[in-house]
Each structure stands twice: as structure tokens, then as C-alpha cells.
Amino acid sequence: MRKIILITLVVIMTLFASGCTETPADTDVEKGTVVIGSKLFQESYILAHMTALVLEDAGYETDVKQGLGGTFVNYEALKAGQIDVYAEYTGTAYSQILNLSQLDNWDRQVVFDETEAGLLEQDSVMIVSNLGFEDAYAIAVKEDWAAENNITKISDLEPYAAEMTIGTDPEFATREDGLPRIKDVYGFEFNDYKQAVATVMYEAIKDGQVDAISAYTTDTRNEVFELRVLQDDKNALPPYDAILIVTEQFAEENPDAIAAMKKLDGAIDTDTMRQLNYQFDIEQKEPRDIAYQFLVDEGIIEG
């Protein structure tokens, strides 16, 4: 009898001990892979890898689809669950994805608020982070030609546009907030346009193949190639604040991923993004290396 009692006590103590030292169930559970899309230019590559690194720091695997495509390729992939997150811009989402009416006077906060509400209502898509900088579309021409002809703003192009060819990225020539908007607001149109990815577009104006381009305001090639970014004196183009977007379903199922990406909220100002783009375009660094060094320097992840 005593032997039976002793064995029973040993079993109970063993079970108690194992229960007290058991690792919580979710500690060793794999968080899975987050798929990240990007558009067709250097800034989007860098932001995609930056997103990947903060997620990896939080224990996720990542798959970066660098250069996946333009706005609608990424957005449709997001809605279909083929990617989980990508960096978009408020002006693009407002005008292209949501097809909201152009404003007579663009207000950054109005565009952000209506974009946030519209994406959620239309497609159950959420803004996770407002990254802190704007990369706006702009019209740029060669500095020497601009100085010779006293060109400082878009309206100054009116006497010349009919004989000019403008180079654009794959979207700006035809989208409502691009050349059609310039025509509506400024009352002129260019003689011709040539569409290409951003790198080819910038090379085209450097080599004299086009007379103007739809430049990006955070692109350091504006300075390196000696271009003058013209003032949008009639406020034709909307604000383009950089944002990370995900589906509502992804957010609900992956709260740790959302918390990780929120670390990028307000983390990048315009001058910083321009410097990061410079490292890609001029110093020819890899986008993941650029993103990693920035995040370590800012203390967002550990080195």
C-alpha cells in the first residue's frame, strides 16, 4: 500500500513539475511568411525591403516581390491575397484606385482621410503606416534650358509644350492625375510622350531623347542630372504621401505583423528618402542593404 502511494505521489509531482515549466503554446509556433510587393522604381524596392526587415525582426519569414508591377498589379495582388503588403501613395490611391474627384485645392490631410476611409469601405484595405514623407509627381526639364528661357513653373511651358516630348513613367501619361490633369488645369499639352520605367525615363532626359519628364520629388537624379523641378503653380497635382497598406483580414490575423510595420510610421522624412534613393541610383547599393543600415541607424532594429 505504501509503495502504491509513493508511486502515485511521484506521478503527481512529475505532472505538476512539467506543467509549471511548460513553454507557452504560441512561443514556438511559426509566424509564417509575409509576401511584400513593390512597384517598378528604386524607392519602392527600398521600402519593400525595409518592411521585410522589420517583419523579420519580429519573427516572420518574408518574400519580397521586387518590381512586381505598377499600381494596379500590386493592388489587385493585395486584394487577391497574392501579396500581403506594399507601399502606396495617397494621391495615387485617391485618384486611381478610388477614382475620387479632383480637388480644386489639394489638402494633404483631406486626401489622406478620404483615402483611408475609401480603401476600407471599398475593398477592406487598411493603411498600416504613414511613412512620413511625400514623393510627389513633378515636371522637370534640363537646368540649362530652364535658365536660358526663364522657366521656373509649369505654366511657363505653355509657349514651348507643343514642340516638346515628355518622358513619363508607365502610368503618368494616361492616368487622370497625370498628363490629362496638366492639360485640364494648364490648358496645354505636349507634342508627344514616351513611357518607360523610371531609370530609362531619367536616362532619356539626360541623353536628350526627351525634353521634360514626370520626375519624382524624392529622386536625387534631379540634382545629379542637373534638372529643374518646376513649381506646380496651379496646384494641379495631388499630394502623394507614402503609406503601407494591407487587407483588413491580414491585419486581424497577424496583429504582431501590424505592430512591427507600425514601427515605420513617421520614420522617414523627405530628405532622408532622397538620400536613400541616392545610395541606390548613384552609389549602386542593394536596396536591402540600404534599408538595413537605415533601420539599424535609427534604432528600429538591432544590428
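Every value quoted in this text rests on a predicted model; they were computed, and no experiment measured them. (Residues numbered from 1 in each chain as written. Predicted model: local features only at pLDDT ≥ 70, side-chain atom pairs only at ≥ 80, totals over all residues. Heavy atoms only, no water.)

## Re the packing of helix α4 (residues 90–97) against helix α5 (residues 108–123)
Relative placement of two packed helices is described by the angle separating their axes and the distance separating the axes. Where α4 contacts α5, the two axes come as close as 9 Å, and the packing angle between them is 50°. Looking at the two axes, α4 sits oblique to α5. Once α4 is placed against α5, the crossing between them reads as left-handed. Here Thr90, Gly91, Ala93, Tyr94 and Ile97 of α4 lie close against α5, whose contacting residues are Val111, Phe112, Glu114, Thr115, Leu119 and Gln122. (Axes fitted to C-alpha atoms, helices over the stretch in contact; angles between N-to-C directions. Helix = DSSP H or I, 4+ residues; strand = E, 2+ residues; numbered from the N terminus. Parallel < 35°, antiparallel > 145°, perpendicular 65-115°, else oblique. Left-handed = near helix turned anticlockwise from the far one by under 90°. Contact = heavy atoms within 4.5 Å.)

## Digging into the pattern of salt bridges
Inspection of every chain in the model, using the stated rule, returns 18 salt bridges. The shortest N-O distance in the salt bridge between Arg175 and Glu171 comes to 2.8 Å. Residues participating in the shared-partner salt-bridge network are Glu76, Lys79 and Asp123. (Salt bridge = Lys/Arg side-chain N within 4 Å of Asp/Glu carboxyl O.)

## What to know about the side chain of Asp123
Locating Asp123 in the fold gives a position in helix α5. A polar contact is formed between the side chain of Asp123 and the side chain of Tyr75, at a distance of 2.7 Å. (Polar contact = N/O pair within 3.5 Å; in protein donor to acceptor, adjacent residues only side chain to side chain.)

## A look at the sheet that holds strand β3 (residues 86–89)
A sheet is described by the order of its strands in space; here three strands give the open sequence β3-β10-β4, paired in antiparallel fashion. Two strands in the sheet have a free side with no partner beyond their single neighbour: β3 and β4 (125–134). With direction set aside, neighbouring strand axes in the sheet form an average angle of 35°. Pairing between β3 and strand β10 (residues 241–247): four bridges, direction antiparallel. By the bridge assignment for β10, Tyr86 is matched with Ile245. Docked against the sheet, helix α3 (residues 71–79) engages β3, β4 and β10, running at close to 125° with respect to β3. (Pairing = 2+ DSSP bridges.)

## Thoughts on the environment of Val73
Within the element layout of this structure, Val73 appears in helix α3. Using a relative accessible area of 43% as the deciding quantity, one classes Val73 as partly exposed. When the C-alpha positions of Val73 and Asp156 are compared, they lie 35 Å apart, and in sequence the two are 83 residues distant. (Buried < 20%, exposed > 50% of the residue type's maximum accessible area, 1.4 Å probe, protein only.)

## Quick look at the confidence of the model for the chain
Per-residue pLDDT for the chain has a mean of 91; in total, 90% of the residues score no lower than 70. For the stretch residues 1–29, pLDDT sits under 50, and the model shows one contact to residues farther than four places along the chain or on other chains. (pLDDT = per-residue confidence, 0-100.)

## A few points about the pairing of strand β7 (residues 192–195)
Bridge count for strand β6 (residues 165–168) against β7 is four bridges, and the pairing is parallel. Bridged to Thr165 within β7 is Asp192. Read as a crossover between parallel neighbours, the route from β6 over helix α7 (residues 179–186) to β7 is right-handed. (Right-handed = clockwise from strand over helix to strand, strands pointing away.)

## So, the nonpolar core
With 72 residues, the main nonpolar core has Met50, Leu157, Ile213, Met261 and Leu295 as its most contacted residues. Beyond its immediate sequence surroundings of up to four residues, Leu157 is in contact with Ile139, Val141, Trp145, Ile151, Met164, Phe188, Phe190 and Leu230. Counting 15 residues, the second-largest nonpolar core is a separate cluster that includes Tyr75, Ile97, Leu119 and Ile243. (Core = buried A, V, L, I, M, F, W, Y, C linked by side-chain atoms within 4.5 Å.)

## Description of a negative patch on the surface
On the surface, Asp107, Asp113, Glu114 and Glu116 cluster together into a patch of negative charge. Tracing the backbone shows Asp113 in helix α5. (Patch = residues over 30% accessible without salt bridge, like charges linked within 9 Å, V, L, I, M, F, W, Y side chains within 5 Å. Areas by Shrake-Rupley, 256 points an atom, 1.4 Å probe, with all protein chains shown as cover. Lys, Arg positive; Asp, Glu negative; His and termini not counted. Charge placed at Lys NZ, Arg CZ, Asp CG, Glu CD.)

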